[in-house]
Amino acid sequence: MKSNIKKEKRTTIYDIAREVGIAPSTVSKALNDLPSVSNKIKTLVKAKATELNYKYNFNAANLRSGSSRTIGVIVPKINVAFFSDAIAGMEEACFENNHRLIICQSDESYTKEVQCVQTLIHQNVDCIIISLSQETRSTVHLNEVKKNHMELVQFDRVDESFESHRIVNDNSQASYRAVKHLIEQGYKKIAFFGGSGHLAVYNHRKQGYLQAIKEADLNIPYNYILDNALKKETAQKAAIELLKYKDPPDAFFTVTDHSALGVLKAAISLGLRVPDQVGIMGFSNEAFTEFTFPTLSSVEQQSKNLGKAAADVYFNHVLTSGMSDKDARHFEMRVIESSLIIRQSSERVPTL
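Residues numbered from 1 in each chain as written. Predicted model: local features only at pLDDT ≥ 70, side-chain atom pairs only at ≥ 80, totals over all residues. Heavy atoms only, no water.

S.K.: Quick rundown of the sheet that holds strand S1 (residues 70-75)? Include the residues and the values.
M.R.: Here six strands make up an open sheet; going across it, the order is S2-S1-S3-S4-S5-S11 and the pairing parallel. Across the chains shown, the open sheet's two edge strands, defined by having one partner strand only, are strand S2 (100-105) and strand S11 (333-336). Mean inter-strand twist for the sheet, computed between neighbouring axes without regard to direction, equals 15 degrees. Pairing geometry for strand S4 (residues 151-155) and strand S5 (residues 165-169), over three bridges, is parallel. The partner of Val153 across the bridge, within S5, is His165. Contacts from helix H6 (residues 110-122) reach S1, S2 and strand S3 (127-130), with the element oriented near 175 degrees to S1. (Pairing = 2+ DSSP bridges. Helix = DSSP H or I, 4+ residues; strand = E, 2+ residues; numbered from the N terminus. Axes fitted to C-alpha atoms, helices over the stretch in contact; angles between N-to-C directions. Contact = heavy atoms within 4.5 Å.)

Written as structure tokens, this is what we have:
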């Protein structure tokens, strides 16, 4: 059944020109505050635009200028504090530079990530900022970004073999400092719950753990080191199994706070005292780490700064220089330094 509701026609510069009695080109110049139009005409045109409820057509204007003034970002999860904070940093940079931000979520799916890339290409964005999904083992799809003469910035989870700008944390050093803290608190049997081995970010965090363990000359059983334990449920199940051993770990370093939360739930379910009997250190400083009992120690990644830096690579390094992807130029690599947030789960109270 057809609707009888008639959609109202959107006001254009031609409607304003007809009402005011001047050329459409003059209306356009007046709305853009060009100096070739008198203040009297500008005032008249803007008043009529307000009266007719005229809305500026950014897409049409950007099409004429050859730039969409839009950046697209693809993140694995929007509802994770690290990524939402990073997006906030990107939005701040976009606002400062009069650009818009289009947000896509891969939901940790390679297939969805490929679709997101295609969507942003069709949206004709000027730059795509991406953090790879857990399933992403090949970045061939990112070649499409370059083929369409768009800029590409990878952040956090990056493919180090793919030539692009990269913004990352000091993951190896951050993990090293976190494990050193546990060792300094007297823990000697520190288990490691890691992530997907094909992603550089988790390999670097594992390297930092191993470096600290080696320097302290600690003997860690092979089964204390577990990859692909990013989810709370996976970490909780694995921690319960380890903590039931005859010689269990006395601490856990995990590469995400969700894993750390799983370990905390496991310790509590077994009646173990944290941090007296089991120490826990996570990574990312998710919001919930402040509200658990005991509170969870973590690594602060400065995620908002990291997100802003990713967008600023485009605004400061690419946009202002006028370089394109076909120019022979240096791809920027920036490392954002992390810091330790020490809370109750890893700080043993010294005995008198």
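S.K.: Outline helix H9 (residues 200-215), listing residues and values.
M.R.: An ideal rise of 1.5 Å per residue puts 22 Å on 16 residues; H9 measures up with 22 Å between its terminal C-alpha atoms. Every buried residue of H9 is listed here: Ala200, Val201, Tyr202, Arg205, Gly208, Tyr209, Ala212 and Ile213. The elements touched by buried residues of H9 are helix H8 (171-184), strand S6 (190-193), strand S7 (225-226) and strand S8 (251-254). Positive backbone phi, approximately 55 degrees, marks Asp217, located one or two places after H9. (Expected span 1.5 Å × (residues − 1). Buried < 20%, exposed > 50% of the residue type's maximum accessible area, 1.4 Å probe, protein only.)

S.K.: Mind laying out the packing of helix H1 (residues 13-20) against helix H2 (residues 24-31), listing which residues take part and the relevant values?
M.R.: Helix packing for two helices is described by the angle between their axes and how far apart those axes are. Here H1 crosses H2 at 105 degrees, and the two axes come no closer than 8 Å. Between H1 and H2, the interaxial angle falls into the category roughly perpendicular. Every residue of H2 that contacts H1 at Ile13, Tyr14, Ile16 and Ala17 is listed here: Pro24, Val27, Ser28 and Leu31. Residue classes in the contact of H1 with H2 are distributed as seven nonpolar, one polar and no charged. (Parallel < 35°, antiparallel > 145°, perpendicular 65-115°, else oblique. Nonpolar A, V, L, I, M, F, W, Y, C, P; charged D, E, K, R; others polar.)

S.K.: Describe the packing of aromatic side chains, and please don't skip the residues or the numbers.
M.R.: Overall, the coordinates contain seven aromatic pairs when judged by the stated rule. Judged by centre distance (5.4 Å) and plane angle (65 degrees), the ring pair of Phe193 and Phe252 falls under edge-to-face. With Phe193 in strand S6 and Phe252 in strand S8, the pair connects residues that are 59 residues apart, well separated along the chain. Owing to a relative accessible area of 0%, Phe193 belongs among the buried residues under this scheme. Its relative accessible area of 0% is what places Phe252 among the buried residues. An aromatic cluster is built from Phe192, Tyr209, Phe253 and Phe283, whose rings are joined through pairwise contacts. In this structure, Arg205 packs its charged tip against the face of Phe283, placed 3.8 Å from the ring centre. (Phe/Tyr/Trp six-rings, centres within 6.5 Å; stacked < 30°, edge-to-face > 60°. Lys NZ or Arg CZ within 6 Å of the ring centre and 35° of its normal.)

S.K.: Describe helix H5 (residues 81-96), listing the residues and the values that go with them.
M.R.: The end-to-end C-alpha distance of H5, which contains 16 residues, comes to 23 Å, matching closely the 22 Å that a straight helix rising 1.5 Å per residue would cover. Those residues of H5 that fall on the buried side of the exposure criterion are Ala81, Phe82, Phe83, Ala86, Ile87, Gly89, Met90, Ala93 and Cys94. With its phi angle positive at about 55 degrees, Asn98 sits one or two positions after the end of H5.

S.K.: I'd like to hear about the pairing of S2, residue by residue, with values.
M.R.: Bridge count for S1 against S2 is six bridges, and the pairing is parallel. Bridge pairing links Ile71 to Leu101 in S2. In this fold, the crossover linking S1 to S2 by way of H5 has right-handed handedness. (Right-handed = clockwise from strand over helix to strand, strands pointing away.)

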